[in-house]
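# Structure at a glance
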Amino acid sequence: MTQVFLGMPAGGQGNLFETEPFPKAAHRELGNTQMRKNLRHATHTIRDKRLNVVGELPDWEELRDAGSAIKNLTMANLEERLEEFEKNFTARGGVVHWARDAAEANKIVTELVKATGSNEVVKVKSMATQEIGLNEHLETEGIEAFETDLAELIVQLGNDKPSHILVPAIHKNRTEVRDIFLKEMPVVDPNLTDEPAKLAEAARKHLRKKFLAAKVAISGANFALADTGTLGVVESEGNGRMCLTLPETLITVMGIEKVLPHWEDIEVFMQLLPRSSTGERMNPYTSLWTGVSEDDGPQNVHIVLLDNGRTRALADRFGRTALNCIRCSACMNVCPVYERTGGHAYGSTYPGPIGAILSPLLTGIEVEENGSLPYASSLCGACYDACPVKINIPEILVHLRGDDVDANRDKHKIPTQMDLLMKGGSWALGKGKNIGLLEKALPLGRLVSGKDKKIKKLPGIAAGWTASRDIPAPPSKSFRDWWSDEKESK
Amino acid sequence: MRIALFATCIVDAMYPETAKSTVKILERLGHEVIFPKAQACCGQMHMNSGYMPEALPVVENHINAFDTEDYDVAVAPSGSCVASVKHQHPYLAERLGKPELKDRAVAVGKRTYELSQLLVDVLGITNAAEQLGSYFPQTITYHPSCHGMRSLKLGDRQLDLLKTVGGITVNELPEADQCCGFGGTFAIKNSDVSSAMLEDKMKNICSTGASACAGGDASCLMHIGGGLSRTGAKPKTLHLADILASTMEETVSL
């Protein structure tokens, strides 16, 4: 395949953007005490579970290395792997479609559904279809999409947005879930309690009719295996298995980065993924399908291979490893920022640390709406430690901050306070004698501090610091001066 | 050994006692300490805020100051600044297309140690009371700063040193591995989230009943200490170096 790049590959579209600057969204979400309680409980529980099952494996670090190496190798030869997959998937009776962006993918899926004559589809939980806003698009085309994953069902019935990639209703507790069911399910026991088993039963009854009636299912995929043309979905509830086996038509939407070279590679990822995501040794349902099997399962099998900014992310030499993500969500479960703000604050389908790098990498950082995401981190590095494929998220966050500042250089006529601080700092900290000169003024800082030797209120952007923290009065002499006086003069 | 002290800008300007403590500890062990006067800062504030071209003069200055044959190893009383020297300097040089600077950055990074790393791995300190004469009769707790813990993989080096100080009681900090919320300009840009993280850190520190929270990074300690000071809570913050430098004769007070 020959391809001529004219400049940068196109940026991704769809649900990949901040809805407002992160600090503003975070401020609002921090005030939602019920959500913070739910999130703290849920993230801490899953953290402990993950640590337990990861601790059982003596070769966990080697597995992470293997996962990372397989992914890096695949990304370095992505074109070849995708064409190999296309060849093998097609040979087994599947149909491959290529989608440049969200709009193209939505159009392809809509046409495929319409060709079946059906105006209803059942869905397996899928990040790719959320990314492209497929459900919303299908609705405008008169096609109703039913989410069948329990948490996705809760979110869909509640007219809400997912706030986590694995447990999308993590921000809701069971009482809130019961209230949604009572209000939104067409047929429901009015005496429904908030017992988990009762809630699951209500969902099962509601969904069973959909599974049995559906002619078309839409799924995502956790991986595609190039050498066999196989697709795989990993799930917990069995709703996926229903969708993947009962309908006549199965349409899968998958990001192009999900391809793996060999069947054997499943060995590594099936150890990494369940442990990192739900904290389980093995997930309850793993479904693999290779094209069409005569008289068994769906007879019309399609895959839409989605770019939507992935080629663009791949072109970023420091950021491209973000595409290695296997959507386990371990990074958000350990993130102290995510734990406090929840997923909605990030705007994009992909929240948390991985979202803070993946969203701007897919869309391009110069798209103004995603400029605040890479700053949504204290750079504590817990995400990097937890990542099963060793994506150095803190380093990519810093890299994208650099791209953001560079992209904005020409936009401000008047430099921002941060610009001035950084330019001044570049001079002051760029030479030992410059910082030494400024340190002569340290005693001045003692004048602005109160009797208690504390600075309690600073102006401008520094007011963010003194909102909740004092600064001690500076010393009367810097270490540098002390050294000159005490060590060098003797 | 001839040891070059990288004081770090925050310690140089705001916490000179911590740099003096570092010098004291190393001299007590019989080493010669030098202070390359050309040094200023690691440039982390600039890089973590995204100001890469502005970071370059700062990083170049550091590399010029420390890329000499004049010393055996360099040491800084900070996990974060050492992590920046080791990991961020090569990244910046590569990003800005300066391969020669990258090689020099890697070479400087290899010779630069965080204080507990130098004490434990290079100088073989296993008992602070016996080998350093450290004495600090207080109840403390300990916050492991993120960059030391995760980027440098310091493990329990700092905590183990503290536990072997004479007269000390070390109470375990609940949720110790959680970030205090500092994160450089994160504390300004995302002040609300940062404050929420700090609140939990302070609650955990106060729950230990310690009179001080020790740590290996002056910046995180300034953040935690600034919060404790604002809320009027009892515990102070104190750098690991100051505790290790404290002796029976010259005991550091809180």
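Looking at an unreviewed UniProt entry, one finds chain B named Glycolate oxidase, with Glutamicibacter nicotianae as its source organism.

In the annotation of an unreviewed UniProt entry, the entry for chain A reads Iron-sulfur cluster-binding protein, and the organism field reads Glutamicibacter nicotianae.

Attention now moves to the overall build of chain A. Along its length, chain A carries 23 helices and 12 strands. Since a compact globule built from 490 residues should have a radius of gyration of about 23 Å, the 26 Å found for chain A is in line with a globular shape. For chain A, the spread of C-alpha atoms along the principal axes amounts to about 95 × 60 × 50 Å.

Assigned secondary structure in chain B consists of 14 helices and eight strands. The globule rule puts the C-alpha radius of gyration for 254 residues at 18 Å, and the 18 Å found for chain B is close to it. Each principal axis of the C-alpha atoms in chain B carries an extent, and together these give about 50 × 45 × 30 Å. Taken over 254 residues, chain B has a buried fraction of 63%. Long-range pairs, those at least 24 residues apart, make up 76% of the contacts in chain B between residues at least 6 apart in sequence.

On to the domain arrangement of chain A, then. With domains assigned, chain A is organised as domain 1 (22-311) and domain 2 (417-488). Look at where the C-alpha atoms of domain 1 of chain A and domain 2 of chain A centre, and you get two points 52 Å apart.

For the rest of this paragraph, the subject is the domain arrangement of chain B. Residues and elements named next belong to chain B. Each assigned domain of chain B is listed here: domain 1 (2-122) and domain 2 (128-245). Each of domain 1 and domain 2 has a C-alpha centre, and these two points are 22 Å apart. Listed per partner, the contact involves 28 residues of domain 1 and 24 residues of domain 2. Mapped by element, the contributors of at least two residues to the side of domain 1 that touches domain 2 are α1 (9-13), α2 (16-28), α3 (44-48), α5 (79-95) and α7 (115-122).

Time to look at α5 of chain B. All names here are of chain B. The end-to-end C-alpha distance of α5, which contains 17 residues, comes to 23 Å, matching closely the 24 Å that a straight helix rising 1.5 Å per residue would cover. Along α5, the helix axis deviates most sharply at Gln88, where the bend reaches about 40°; the proline Pro90 sits within four residues downstream. Of all 17 residues in α5, 15 are buried; the element is thus mostly enclosed. Looking one or two residues beyond α5, the residue adopting positive phi is Gly97, at roughly 70°.

Feature annotation in UniProt places "domain: LUD" (unreviewed entry) on residues 82-305 of chain A, given in this structure's numbering. Secondary structure content for residues 82-305 of chain A is 42% helix and 21% strand, and the end C-alpha separation is 9 Å.

Attention now goes to the packing of helix α12 (residues 191-207) of chain B against helix α13 (residues 218-231) of chain B. All names here are of chain B. Interhelical geometry of α12 versus α13 gives an angle of 75° and a closest axis separation of 10 Å. In terms of orientation, α12 and α13 fall into the roughly perpendicular class. Residues Leu198, Lys201 and Met202 of α12 form the contact with α13, whose own contacting residues are His223, Ile224, Gly227, Leu228 and Thr231. Of the residues contributing to the contact of α12 with α13, the split by class is four nonpolar, three polar and one charged.

Residue and element names in this part refer to chain B. Contact pair helix α4 (residues 52-66) / α5: the axes reach a minimum separation of 10 Å and the direction vectors enclose 125°. Relative to α5, the element α4 is oriented oblique. For the crossing formed where α4 meets α5, the hand is left-handed. Each of Met52, Ala55, Leu56, Val59, His62 and Ile63 in α4 lies in contact with α5, whose residues at this interface are Val85, His89, Leu92 and Arg95. Residue composition of the contact of α4 with α5, by class: seven nonpolar, two polar and one charged.

Turning to the interface of chain A and chain B, a few remarks are in order. Taken together, the contacts link 54 residues of chain A with 57 residues of chain B. Looking at the side of chain A that touches chain B, the elements that each hand over two or more residues are α1 (22-30), α15 (336-341), α17 (382-386), α18 (393-408), α19 (417-428), α20 (432-439), α22 (463-466) and α23 (479-488) of chain A. Per-element accounting of the side of chain A that touches chain B gives the leading share, six residues, to α18 of chain A.

Take the sheet that holds strand β8 (residues 236-239) of chain B next. All names here are of chain B. Pairing is parallel in the open sheet, where four strands are placed in the order β6-β5-β7-β8. Lying at the two open borders of the sheet, with one neighbouring strand each, are β6 (169-171) and β8. Pairwise comparison of adjacent strand axes, ignoring direction, gives a mean angle of 40° for this sheet. Sheet topology places strand β5 (residues 139-142) next to β6; three bridges connect them, and they run parallel. Bridge pairing in β6 places Thr139 opposite Thr169.

Time to look at the sheet that holds strand β2 (residues 32-34) of chain B. Residues and elements named next belong to chain B. Across the sheet, which stays open at both edges, the four strands sit in the order β2-β1-β3-β4 with parallel pairing between neighbours. The sheet terminates laterally at β2 and β4 (112-114), the two strands that pair on one side only. Neighbour-to-neighbour, the strand axes of the sheet open up by a mean angle of 35°, direction not taken into account. Lying on the sheet, α5 is in contact with β3 (73-76) and β4; it crosses β4 at an angle near 155°.

Residues and elements named next belong to chain A. The phi torsion at Asn159 lies on the positive side, around 50°, for a residue other than glycine. Locating Asn159 in the fold gives a position in the loop between α8 (150-157) and α9 (174-184). Overall, Asn159 belongs to the exposed group, with 8 C-beta atoms counted inside 10 Å. Its identity as a non-glycine residue notwithstanding, Asp295 has a phi of 60°, on the positive side. Note that Asp295 resides in the loop between β9 (285-289) and β10 (300-306).

The subject of this paragraph is the UniProt feature "domain: Cysteine-rich" (unreviewed entry) in chain B. Residue and element names in this part refer to chain B. Per the UniProt record, "domain: Cysteine-rich" (unreviewed entry) is found at residues 3-85 and 140-224. From the first C-alpha to the last, residues 3-85 spans 17 Å; its make-up is 54% helix and 12% strand. Secondary structure content for residues 140-224 is 48% helix and 12% strand, while the C-alpha to C-alpha distance between its ends is 14 Å.

Let us look at helix α3 (residues 60-76) of chain A. Residue and element names in this part refer to chain A. Taking 1.5 Å per residue as the helical rise, α3 with its 17 residues ought to reach 24 Å, and the 24 Å between its terminal C-alpha atoms agrees with that figure. Listed in full, the buried residues belonging to α3 are Arg64, Gly67, Ser68, Lys71 and Thr74. One side of α3 carries all its buried residues, which in axial view fall inside an arc of 130°. Opposite its buried face, α3 presents the exposed residues Glu61, Glu62, Leu73 and Ala76, each directed more than 90 degrees away. Buried residues along α3 sit in contact with α4 (78-91), β8 (259-260) and α12 (266-277).

With that out of the way, let us pick up the pairing of β10 of chain A. Residues and elements named next belong to chain A. Burial within β10 is extensive, with five of its seven residues counted as buried. Relative to β10, strand β1 (residues 95-99) runs parallel, the two sharing five bridges. What sits directly across from Ala99, in β10, is Leu306. Here seven bridges tie strand β7 (residues 249-255) to β10, and the two strands are oriented parallel to one another. Residue pairing in the sheet places Gly255 in a bridge with Leu306 of β10.

Basis of the calculations
Position labels on residues start from 1 in each chain and follow its written sequence. Note on labels: chains are lettered from A, ligands numbered from 1, in written order. The predicted nature of this model means local features are confined to residues of pLDDT at least 70 and side-chain atom pairs, given and counted, to a pLDDT of 80 or more, with totals for whole chains, interfaces and linings taken over all residues. To qualify as a helix, a DSSP run of H or I must reach at least 4 residues; to qualify as a strand, a run of E must reach at least 2; elements of each kind are numbered from the N terminus. Radius of gyration: over C-alpha atoms. The globule rule applied is 2.2 Å multiplied by the number of residues raised to the 0.38 power. Burial is judged by counting other C-beta atoms within 10 Å of a residue's own C-beta: 20 or more means buried, 12 or fewer means exposed, and anything between counts as partly exposed, with every C-beta placed from the backbone. By definition, residue pairs are in contact when their C-beta atoms, positioned from the backbone, come within 7 Å. Marked domain ranges trace back to an automatic or database domain assignment. Take the number of residues in a helix, subtract one, and multiply by 1.5 Å to get its expected span. What is called the bend at a residue is the angle between a pair of axes, fitted to the seven residues leading up to and ending at it and to the seven starting from it. UniProt positions are given in the numbering used here, feature names are shortened, and annotations may be inferred rather than shown by experiment. Each axis is a line fitted through C-alpha atoms, taken for helices only over the stretch in contact, and angles between the N-to-C directions span 0 to 180 degrees. The cut-offs work like this: below 35 degrees is roughly parallel, past 145 is roughly antiparallel, 65 to 115 is roughly perpendicular, and the gaps in between are oblique. Each residue receives one of three labels: charged for Asp, Glu, Lys and Arg, nonpolar for Ala, Val, Leu, Ile, Met, Phe, Trp, Tyr, Cys and Pro, and polar for the others, Gly being one of them. Helix crossings fall into two classes, left-handed where the near helix is turned counterclockwise from the far one by less than a right angle and right-handed where it is turned clockwise. DSSP calls a pair of strands paired once it identifies at least 2 bridges connecting them. By construction, the arc corresponds to the directions joining the helix axis to the C-beta atoms.

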